[in-house]
Amino acid sequence: AQLTLAGAERAVVASRKQAEVMGVQVNIAVVDDGGHLLAFARMDGARPGSVYTSITKATSAATKRGATGPLPSADAVDAHLSLAVENAAAVSGGKFTTLKGGLPIMYNDQVIGAIGVGGATGEQDAEVAATGVAELSKAFASTPQSD
């Protein structure tokens, strides 16, 4: 399975509508399973600095095959994990983040891409991203699948 441009654009539109409902201006990036940009939108009024952040969130979610978000708290410090994250960020050319707002897009238990949102709070970014993922999941459910 492969995420298409049409699917990526569908996720961007759904996410943008959710951001409008929430009253936030964000940047929305959709990437393929390797973290390569397929679609992007910067809403009017969205912070220019969050362009890079949204793309990094999407890339990070796609390549780590999971949602972006904070590492364990200071009470649960894991030195090996901290070093691994630093190294992952360095070798990925900075395309790794623990900021909220990046979600993988799944099809038949396979990561086919990811969406990253930046410009609001982490929780708001994640909610906007989840709407884009939900829209694609709905589309996948209505499409006949061959085994």
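Just above sits the structure.
Enquirer: What is the right way to read the pairing of strand β2 (residues 37–42) from this model?
Expert: Within a regular strand, side chains alternate between the sheet's two faces. Two strands pair when backbone bridges link them, and strand β1 (residues 27–32) and β2 are joined in this way by 5 bridges, in the antiparallel orientation. Residue pairing for β2: Val 30 is matched across the bridge by Ala 39. Where β1 folds back on β2, the antiparallel hairpin that results is connected by 4 residues, among which Gly 35 adopts a positive phi of roughly 90°.

Enquirer: Looking at this structure, how should I read the packing of aromatic side chains?
Expert: Counted according to the given criterion, the structure contains 1 aromatic pair. Ring geometry for Tyr 107 and Phe 140: centres 4.8 Å apart, planes at 75°, overall edge-to-face. On the criterion of sequence distance, the pair formed by Tyr 107 in strand β3 (residues 102–107) and Phe 140 in helix α4 (residues 122–141) is long-range, its members being 33 residues apart. Neither Tyr 107 nor Phe 140 differs from the other in exposure class; each is buried.

Enquirer: Would you take a moment to explain the sheet that holds β2 for this structure?
Expert: Sheet strands associate in pairs through backbone hydrogen bonding, adopting either a parallel or an antiparallel arrangement. The antiparallel open sheet is built from 4 strands, whose spatial order is β2-β1-β4-β3. Only two strands of the sheet have a single neighbouring strand rather than two, namely β2 and β3. Within this sheet the neighbouring strands show an average axis-to-axis angle of 15°, counted without direction. In this structure, β1 lies alongside strand β4 (residues 110–118), joined through 6 bridges in antiparallel fashion. Following the sheet pairing, Asp 32 is matched in β4 by Gly 113.

Enquirer: Would you mind showing me how to read the nonpolar core here?
Expert: The tendency in soluble globular proteins is for nonpolar side chains to be buried side by side. If you look at the biggest cluster of nonpolar residues, it comprises 22 residues, and the most contacted ones within it are Val 26, Val 30, Ile 105, Ile 115 and Val 117. Those elements that provide at least two residues to this core are α1 (5–22), β1, β2, β3, β4 and α4. In terms of residue count, α4 provides more of this core than any other element does, 5 residues in total. When sequence neighbours within four positions are dropped, the list of residues in contact with Val 117 reads Val 26, Asn 27, Ile 28, Ser 54, Lys 57, Lys 100, Gly 101, Asp 125, Val 128 and Ala 129.

Enquirer: Honestly, unusual backbone geometry in this entry has me stumped. Any pointers?
Expert: Leaving glycine out, the prevailing phi sign among residues is negative, and the prevailing peptide bond configuration is trans. Not every positive phi belongs to a glycine, and Asn 108 is a case in point at roughly 50°. One can find Asn 108 in the loop between β3 and β4. Backbone geometry at Asp 109 places phi at a positive 60°, although glycine is not the residue there. Looking at the secondary structure, you find Asp 109 in the loop between β3 and β4.

Enquirer: Can you walk me through the environment of Ala 141 in this structure?
Expert: Looking at the secondary structure, you find Ala 141 in helix α4. Residue classification places Ala 141 among the exposed residues on the basis of a relative accessible area of 67%. Taking the C-alpha atoms as reference, Ala 141 lies 9.5 Å from Tyr 107; in sequence the two are 34 residues apart.

Enquirer: I'm lost on α1 in this one. Help?
Expert: Each turn of an α-helix holds 3.6 residues, which means side chains three or four residues apart point in the same direction. Between its first and last C-alpha atoms α1 spans 26 Å; for 18 residues at 1.5 Å apiece the expected length is 26 Å, and the two agree. All of the buried residues along α1 are Gly 7, Ala 8, Ala 11, Val 12, Ala 14, Ser 15, Gln 18 and Ala 19. Looking at the buried side of α1, the elements it contacts are β1, β2, β4 and α4. Following α1 by one or two positions, Gly 23 has its phi on the positive side, about 75°.

Here is what the cut-offs are and how they apply
- Residues numbered from 1 in each chain as written.
- Predicted model: local features only at pLDDT ≥ 70, side-chain atom pairs only at ≥ 80, totals over all residues.
- Heavy atoms only, no water.
- Pairing = 2+ DSSP bridges.
- Helix = DSSP H or I, 4+ residues; strand = E, 2+ residues; numbered from the N terminus.
- Phe/Tyr/Trp six-rings, centres within 6.5 Å; stacked < 30°, edge-to-face > 60°.
- Buried < 20%, exposed > 50% of the residue type's maximum accessible area, 1.4 Å probe, protein only.
- Axes fitted to C-alpha atoms, helices over the stretch in contact; angles between N-to-C directions.
- Core = buried A, V, L, I, M, F, W, Y, C linked by side-chain atoms within 4.5 Å.
- Contact = heavy atoms within 4.5 Å.
- Expected span 1.5 Å × (residues − 1).

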